[in-house]
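# Structure at a glance
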Amino acid sequence: MERTTLDIKVNVREAQGDCYIVELSGEIDVYTSPKVKDAIGDLIDRGVYNLVIDLEKVRYIDSTGLGVLIGGLKRVREHGGSVNLVCTNPQIRKIFDITGLVKIFGIFENEDAAMKALV
Amino acid sequence: MNQPLPTTDEVEVDVVDLRIPCKAEWVALARLSVAAVASRLNFSIDEIEDIKLAVAEACTNAIQHAHGSPYIEIKCEAASGGLRLSVRDYGRGTHPEHIRSRELNDERVGGLGVFLIRSLMDEVDYDVHPDQGTLLVMVKRLEV
């Protein structure tokens, strides 16, 4: 399942167990974040509560993008699930650091590590 | 370091004005334009990313809270001491200080934008007039 807009690409794929990987590419801002929110929301509506969100190809994220990730995490936690992130870009990581979100999300260097920490 | 940005009376200041529709699809243009201005100064890549994010958050606040503003005006004043950015809307806004701020460990979504602006820029000031809009002025200094 793939959705593309001018500035964001969302690629969703099933991984091991009941985990899904949401791979994001591009820029997540006030314009593009609704597409990300829809993709994550669709998965949760289908009963998927363990997610790895891969930000490795994300060049930019703002507070609306962070809000979508926080909203997704809150929803899956209501069902005993979790969201782990993949992020090694120092600039993106810095935003998680200064907002304190590193204490809320598990942030890993690759998808394998993020998945293993979920299951 | 930590000196006020010189005023236009003291040093040469190059001014770049931008006006965008108060719509989400135009925020990318604002942040890329401001990044281009910042890159004309001697800011580091990281500092340019900070400035991009701060101006985008200011525009996003205007789009989400300045109801009725037809456009957003962004004024860039580039000087040897740094960059002053003024972001103005003309909507019936919410004072940014009244948008709930947040604490670390907080899982609330609201208030992240204001928190980021304050974290990334050296000076931040708001001028809010009910029914006349909001002016946000922020400064990023160049380290000497």
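Residues numbered from 1 in each chain as written. Chains lettered and ligands numbered in written order. Predicted model: local features only at pLDDT ≥ 70, side-chain atom pairs only at ≥ 80, totals over all residues. Heavy atoms only, no water.

In many analyses, interface size is given as the accessible surface area lost on bringing the parts together. On the side of chain A, 23 residues touch chain B, which itself brings 27 residues to the contact. Summed over the shared surface of chain B and chain A, the number is three salt bridges. A salt bridge links R31 of chain B to E27 of chain A; the shortest N-O distance between them is 2.6 Å. Connecting chain B to chain A are five residue pairs in polar contact (both at pLDDT 80 or more). Of all the secondary structure elements, the ones that give two or more residues to the side of chain B that touches chain A are α1 (27-40), α2 (45-65) and α3 (112-120) of chain B. Top element by residues in the side of chain B that touches chain A is α2 of chain B. It accounts for nine residues. Each residue belonging to the side of chain B that touches chain A can be placed in one class, and the counts come to eleven nonpolar, five polar and eleven charged. (Contact = heavy atoms within 4.5 Å. Salt bridge = Lys/Arg side-chain N within 4 Å of Asp/Glu carboxyl O. Polar contact = N/O pair within 3.5 Å; in protein donor to acceptor, adjacent residues only side chain to side chain. Helix = DSSP H or I, 4+ residues; strand = E, 2+ residues; numbered from the N terminus. Nonpolar A, V, L, I, M, F, W, Y, C, P; charged D, E, K, R; others polar.)

With that settled, consider the side chain of E57 of chain B. Mapped onto the fold, E57 of chain B is located in helix α2. No salt bridge forms around the buried E57 of chain B; measuring N to O, its nearest opposite-charge neighbour R31 of chain B is 8.8 Å away. Side-chain polar atoms of E57 of chain B contact the side chain of S63 of chain A, separated by 2.5 Å. Other than its neighbours up to four places away in sequence, E57 of chain B contacts D62 and S63 of chain A together with G113, L116 and I117 of chain B. (Buried < 20%, exposed > 50% of the residue type's maximum accessible area, 1.4 Å probe, protein only. Lys, Arg positive; Asp, Glu negative; His and termini not counted.)

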